[in-house]
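Examining the three-dimensional arrangement
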Amino acid sequence: YLFVAVGGCVLAVVTMGIYSALLFTSTFVFILLVCSVDPRSIHVWVFGIQMLWQTFWHLLIQYREYYLHESISIR
């Protein structure tokens, strides 16, 4: 499993470049939540963190597009 995990990380960095940090950040937060939150309330925490993460990126894109007038890549 260790070799598969390392190979997956290498593949993510090679194919996604700097954007792989988004994948690793969300994975790290998920693992942190699973290890630290009570199993009875994990669904609420995971849902809340996922919604906060998604909302943050949507607001950042809107800020850059409308207030800074930067062109946004649709990648």
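What counts and what doesn't
Residues numbered from 1 in each chain as written. Predicted model: local features only at pLDDT ≥ 70, side-chain atom pairs only at ≥ 80, totals over all residues. Heavy atoms only, no water. Axes fitted to C-alpha atoms, helices over the stretch in contact; angles between N-to-C directions. Helix = DSSP H or I, 4+ residues; strand = E, 2+ residues; numbered from the N terminus. Contact = heavy atoms within 4.5 Å. Nonpolar A, V, L, I, M, F, W, Y, C, P; charged D, E, K, R; others polar. pLDDT = per-residue confidence, 0-100. Phe/Tyr/Trp six-rings, centres within 6.5 Å; stacked < 30°, edge-to-face > 60°. Buried < 20%, exposed > 50% of the residue type's maximum accessible area, 1.4 Å probe, protein only.

The N-to-C vectors of helix α1 (residues 2-16) and helix α2 (residues 20-36) enclose an angle of 145 degrees; their axes lie 8 Å apart at closest approach. Across the interface between the two elements, Cys9, Ala12, Val13 and Met16 from α1 touch Ser20, Leu23 and Phe24 from α2. Here the residues of the contact of α1 with α2 sort into 6 nonpolar, 1 polar and no charged.

Okay, the confidence of the model for the chain next. Of the residues in the chain, 96% reach a pLDDT of 70 or more, and the chain-wide mean stands at 87. The lowest-confidence element of the chain is α2, averaging 88 in pLDDT; the highest-confidence one is α1, averaging 91.

Applying the stated criterion to the full structure yields 3 aromatic pairs. Taking 5.0 Å as the distance between ring centres and 75 degrees as the angle between the ring planes, the aromatic pair formed by Phe56 and Trp57 counts as edge-to-face. Using a relative accessible area of 44% as the deciding quantity, one classes Phe56 as partly exposed. Relative accessible area serves as the criterion here: at 30%, Trp57 is assigned to the partly exposed category. Judged by centre distance (6.0 Å) and plane angle (35 degrees), the ring pair of Tyr63 and Tyr67 falls under tilted.

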